[in-house]
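Summary of the model geometry
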Amino acid sequence: MKYIDGGVTAPKGFTANGVLSGIKPGRTKNDTALIYSEKPCAAAGVFTQNRVQAECVKLSKRHIASGTAQAVIANSGNANACTGTRGAENAYRMAKAAAAAVGVSAESVLVCSTGVIGQQLPVETIEAHVSALAAGLSKDGHAAAREAIMTTDTVYKECAVETVIGGKSVRIGTMAKGSGMIHINLGTMLAFITTDCAVSAAMLDEALRLSVAGTYNCVSVDGDTSTNDTLLILANGEAGNAEITAFGADFDAFVAALNAVNVQMAKKIAADGEGARHLIECRVSGAQSVDAARILAKSVISSSLVKAAFFGRDANWGRILCAMGYSGAFFTPEKTSVAFSNAAGSIEVFHEGVPLDFDESKAKLILSEKETLISVQLADGTAEGTAWGCDLTYDYVKINGDYRT
């Protein structure tokens, strides 16, 4: 397996584009994206667990229930959430407009939106630009599309890999947006995955849910789960491998490649948390189960006190133990060890339940790096889990204090 360029257009048969429709006044970057497959695709998705769900989420759930799709249209600048009957109509108008532009049925188009909640989507601006959006579809269009889904993101997020499955070269590509309002549970922010692998809709759904559990679901920026969280995957079979219809070696290889791109995206989203200066990775080893390890790791990176300590470059390991203690997962504190490490070095601060005398200046040097790994070693089993988060800075409050206005 190797990493390649191209994002969502890296797999065979996929094109994309992005344009500026003018959804939010003052925006100068693209705000509407389209991903299209030349052939109908097996499709699967996971969505927000928030009880308040955007109209685009409701629509995409209905459309993807068939297990097939051929295009995705997404906009930034307006979430189309809490918008009632009119919002539902606008979501369908987006699907209908995209479908007409590429020559497919509206039911084969999935719709995503991101931005301000509670404002009606000016769908007519999208309808006025959808012909140009479709006309510009190309293999290079991933660059325009990845920009179009960004809101408070400071960098675009995309990735692609190539591997061999069933003797055929298979590619998986992805792009995502996410910076704030991120605390994921069986959903993501907005993320789109394309692949030319031949895989049934049922096994695509299995693979997606397996991968999400240890990647996207292990990310937290601020403890908020969005109304619009959506992760979609489309597989068009253009690679020519024997269709994956059951568990086995080919399925495992596909999941491994899917995990590779999803881990990269999870880390990119955490690192680009609103106002963030530091990526925090917490790896828990020696847990009773994988679920317990992931719960413990996510509790650590979700803690506001841990996040604030990283902003202050303070090796306050007590906050880490505290966060683990209220996670609800079992572990033995008296047999737990904690260390920090990155390119600047490594330092253990807590060993088998006993605090260590450590060099505070060295610890501060380590915590000054852009990325830091918190290694938590337990003595309760053999399972391991990892989660990703970021520090909490003054800028987070500034960004979110006047986000709507």
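Quantities reported herein were computed from a predicted structural model and do not represent experimental measurements. (Residues numbered from 1 in each chain as written. Predicted model: local features only at pLDDT ≥ 70, side-chain atom pairs only at ≥ 80, totals over all residues. Heavy atoms only, no water.)

1. Considerations on the overall build of the chain
The secondary structure content of the chain amounts to 11 helices and 15 strands. A compact globule built from 405 residues would reach a C-alpha radius of gyration of about 22 Å, and the chain, at 21 Å, matches this within 12%. With respect to the principal axes defined by its C-alpha atoms, the chain has extents near 65 × 55 × 35 Å. The buried share of the chain, reckoned over its 405 residues, is 58%. As displayed, the chain offers around 15,600 Å² of accessible surface, 51% of which is attributable to carbon and sulfur atoms. Distance between charge centroids for the chain: 4 Å, based on 35 positive and 41 negative side chains. (Helix = DSSP H or I, 4+ residues; strand = E, 2+ residues; numbered from the N terminus. Rg over C-alpha atoms; globule rule 2.2 N^0.38 Å. Buried < 20%, exposed > 50% of the residue type's maximum accessible area, 1.4 Å probe, protein only. Areas by Shrake-Rupley, 256 points an atom, 1.4 Å probe, with all protein chains shown as cover. Lys, Arg positive; Asp, Glu negative; His and termini not counted. Charge placed at Lys NZ, Arg CZ, Asp CG, Glu CD.)

2. Section: empty space enclosed by the protein
Overall, the coordinates contain 2 cavities of 30 Å³ or more when judged by the stated rule. Roughly 40 Å³ of volume is contained in the largest cavity. At the level of secondary structure, the elements contributing two or more residues to the lining of the largest cavity comprise α8 (304-311) and α9 (317-325). Looking at side-chain class alone, the lining of the largest cavity contains 7 nonpolar, 1 polar and 2 charged residues. By volume, the second largest cavity is sized at about 30 Å³. Forming the walls of the second largest cavity are I35, V72, F192, I193, T194, L232 and L234. Put simply, the parts of the chain that give the lining of the second largest cavity at least two residues each are β8 (190-195) and β9 (230-235). The dominant element in the lining of the second largest cavity, judged by the number of residues it contributes, is β8, at 3 residues. (1 Å grid on protein atoms, 1.4 Å probe; cavity = no way out; pocket = protein on both sides within 12 Å on 5 of 7 lines; lining within 4 Å. Points joined across faces, edges and corners; volume = space filled by probe spheres on them. Nonpolar A, V, L, I, M, F, W, Y, C, P; charged D, E, K, R; others polar.)

3. Considering the sheet that holds strand β14 (residues 371-377)
The pairing of strands in a sheet comes from backbone hydrogen bonds and takes either a parallel or an antiparallel form. Ordered by their spatial adjacency, 6 strands build an open sheet running β13-β12-β11-β14-β10-β15, and the pairing between neighbours is mixed. The open sheet has two edge strands, β13 (354-355) and β15 (383-390), and neither has a second partner. Here 5 bridges tie strand β11 (residues 337-342) to strand β12 (residues 345-351), and the two strands are oriented antiparallel to one another. In the sheet register, V338 faces β12, and the bridge partner there is F350. Of the strands in this sheet, β10 (279-287) and β15 touch helix α6 (residues 249-271), which is tilted by about 35° from β15. (Pairing = 2+ DSSP bridges. Contact = heavy atoms within 4.5 Å. Axes fitted to C-alpha atoms, helices over the stretch in contact; angles between N-to-C directions.)

4. Thoughts on the pattern of salt bridges
Under the definition given, this model contains 9 salt bridges. The salt bridge involving R146 is made with E158; its shortest N-O contact spans 2.6 Å. Remark: E158 occurs in strand β6 (residues 157-165) and R146 occurs in helix α4 (residues 142-148); sequence separation between them is 12 residues. Linked by salt bridges that have partners in common, K2, E162 and R171 make up one network. (Salt bridge = Lys/Arg side-chain N within 4 Å of Asp/Glu carboxyl O.)

5. What to know about the domain arrangement of the chain
Domains assigned within the chain are domain 1 (2-272) and domain 2 (279-402). Using C-alpha coordinates to define each centre, domain 1 is positioned 31 Å away from domain 2. Contacts between the two partners involve 18 residues from domain 1 and, on the opposite side, 15 residues from domain 2. It is C218, S220 and K267 in domain 1 that bury the most area against domain 2; as a group they hold 36% of the surface buried on that side. Counting across the interface, domain 1 meets domain 2 through 2 residue pairs in polar contact (both at pLDDT 80 or more). Counting residues per element, the ones that place at least two in the side of domain 1 that touches domain 2 are α5 (201-214) and α6. Counting residues per element, the side of domain 1 that touches domain 2 draws most heavily on α6, which supplies 5 residues. By residue class, the composition of the side of domain 1 that touches domain 2 is 9 nonpolar, 6 polar and 3 charged. (Domains from an automatic or database assignment. Buried area = accessible area lost by both parts, 1.4 Å probe. Polar contact = N/O pair within 3.5 Å; in protein donor to acceptor, adjacent residues only side chain to side chain.)

6. Things to note about the packing of helix α7 (residues 290-302) against α9
Contact geometry of α7 with α9 gives a least axis separation of 8 Å together with a crossing angle of 130°. Taken together, the axis directions place α7 and α9 in an arrangement best described as oblique. In this structure, α7 meets α9 at a crossing whose hand is right-handed. Where α7 abuts α9, its residues L296, S299 and V300 lie against I320, A323 and M324. Looking at the contact of α7 with α9 residue by residue, the classes come out as 5 nonpolar, 1 polar and no charged. (Parallel < 35°, antiparallel > 145°, perpendicular 65-115°, else oblique. Left-handed = near helix turned anticlockwise from the far one by under 90°.)

7. With respect to the side chain of N262
Its location among the elements puts N262 in helix α6. Here the side chain of N262 touches S211 through a polar contact of 2.8 Å, side chain to side chain.

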